[in-house]
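One-letter residues, chain by chain:
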Amino acid sequence: MYVIHNPTAGRRNTRKLWAVLDCLLAHGISVKIMETRYGGHASSLAREAAEAGARIIIAAGGDGTIAETVSGMIGSSARLGIIPLGTANVLAHEYGIPFHTKDLAATLTSPHSTPLWPGMMQTNHQTKLFVQMVGAGFDAHVVHAINLRLKRAVGRNAYIIQTLTELPKYSFPDLTVTVDGSTYTAANAIISKGRLYGGPYTLDPTARPDRPGFSITLFRHGGVFSALRAGMALPQSRMSRLPGVISLKGAHVTIAHPDGVPLQADGDAAGYTAVTLKDAAQPVQLATPAKNPFIDSRLFT
Ligand SMILES: Nc1ncnc2c1ncn2[C@@H]1O[C@H](COP(=O)(O)OP(=O)(O)OP(=O)(O)O)[C@@H](O)[C@H]1O
């Protein structure tokens, strides 16, 4: 079992990592740990592990580490496992990955898996795989501006503090969004693989991260009031039901603005528009618990 660990993820707390690894070692499972040394390193480590014939490659970190790991192993026969050590851990919530040590270790060794079908984003400067979502507009502006020391100190609450700091400064430019050839205008766009956003909060209950295609949420109204209203609706999973919010499905999305508006992918800064989004060529298989709320959900029957 290969474990790719991002030591900078979340609050840099390695207690959970060692507890899970101890559990695996106690069951006679051999583990090779590889630490990332810079952003993007997880991709080359995952590629090396896949080429060495790894059957399971574990991403120990947050959603950014998972995306980089998937990017390096996609197309190989290795399965993906997750040890959620990030700040928001949206993908772990999405797939019902347990956070409790013993259940998590059992999931990593279980024979069950669920497909995870990533998306690809392309800007003028990079092509990048994402596992959960890409945001364009104010949410990405907050991610670009986030104070990393604050994030380490107070976790997800840093996003609330940074949102309130940035709100008066942001001008909410109109983005031009095309979804499978139809054009829309929006102040903020979230192109999502999964149902969840910002942690365990539902954005679109009908999204299917195990299949190709995107769930697209467009916020037509900008401004301080609309942004605050969306922020307050998020913990109640009501964001997509707000006035001026539209939900679409699509396979090919472009987002543009003449001046370049911030982008975020899986909660990390990811450059500026223009961007084109499409499906990755194939899925990876993610180790999931036997009783998986994702596949057992009434929403997916
Ligand atoms: N050694 C390193 N030094 C600096 N940055 C790193 C290092 N290793 C990985 N990274 C970068 O850290 C970024 C953030 O990691 P990750 O998303 O896993 O954690 P997080 O932001 O705390 O969690 P979440 O996305 O769940 O909120 C990744 O995009 C990755 O490129």
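Fair warning: this is a prediction, and the values are worked out from it, not measured in the lab. (Residues numbered from 1 in each chain as written. Predicted model: local features only at pLDDT ≥ 70, side-chain atom pairs only at ≥ 80, totals over all residues. Heavy atoms only, no water.)

Caption draft 1: Layout of the pattern of salt bridges. In the structure shown here, the tally under the stated rule is five salt bridges. Here K169 makes a salt bridge to E166, at a shortest N to O gap of 3.5 Å. For E166, a relative accessible area of 6% gives the class buried. One salt bridge in this structure joins D279 and K193, with 3.6 Å as the shortest N-O distance. Of this pair, D279 sits in strand 19 (residues 275-279) while K193 sits in the loop between strand 11 (188-192) and strand 12 (196-197), and the two are 86 residues apart along the sequence. We classify K193 as buried; its relative accessible area is 1%. (Salt bridge = Lys/Arg side-chain N within 4 Å of Asp/Glu carboxyl O. Buried < 20%, exposed > 50% of the residue type's maximum accessible area, 1.4 Å probe, protein only. Helix = DSSP H or I, 4+ residues; strand = E, 2+ residues; numbered from the N terminus.)

Caption draft 2: Fine view of the site of the ligand. Of all residues adjacent to the ligand, which total 22 residues, the nearest are G10, T36, T65, E68 and D268. The separation between an oxygen atom of the ligand and a polar main-chain atom of G62 is 2.7 Å. In the model, an oxygen atom of the ligand is placed 3.0 Å from a nitrogen or oxygen of the N89 main chain. Contact with the protein chains hides 83% of the accessible area of the ligand, taken as 640 Å² for the molecule alone. Per-element tally for the shell around the ligand: the top contributor is helix 3 (residues 63-73), with four residues. In terms of residue class, the shell around the ligand is built from three nonpolar, 13 polar and six charged. (Near = heavy atom within 4 Å. Polar contact = N/O pair within 3.5 Å; in protein donor to acceptor, adjacent residues only side chain to side chain. Areas by Shrake-Rupley, 256 points an atom, 1.4 Å probe, with all protein chains shown as cover. Nonpolar A, V, L, I, M, F, W, Y, C, P; charged D, E, K, R; others polar.)

Caption draft 3: Looking closely at the confidence of the model for the protein chain. Across the protein chain, pLDDT averages 93, with 96% of residues at or above 70. Long-range and interchain partners of residues 296-301, a stretch whose pLDDT sits below 50, account for nine contacts in this model, where long-range means more than four residues apart. Scored as a complex, the prediction yields pTM 0.94 and ipTM 0.96. (pLDDT = per-residue confidence, 0-100. Contact = heavy atoms within 4.5 Å.)

Caption draft 4: Representation of the packing of helix 2 (residues 41-51) against helix 3. At a minimum axis distance of 7 Å, the contact between helix 2 and helix 3 shows a crossing angle of 40 degrees. The angle between helix 2 and helix 3 falls in the class oblique. Where helix 2 crosses over helix 3, the two elements pack in a sense that is right-handed. Contacts from H41, A42, S43, A46, R47 and A50 in helix 2 reach T65, E68, T69, S71, G72 and M73 in helix 3. Residues that form the contact of helix 2 with helix 3 fall into these classes: four nonpolar, six polar and two charged. (Axes fitted to C-alpha atoms, helices over the stretch in contact; angles between N-to-C directions. Parallel < 35°, antiparallel > 145°, perpendicular 65-115°, else oblique. Left-handed = near helix turned anticlockwise from the far one by under 90°.)

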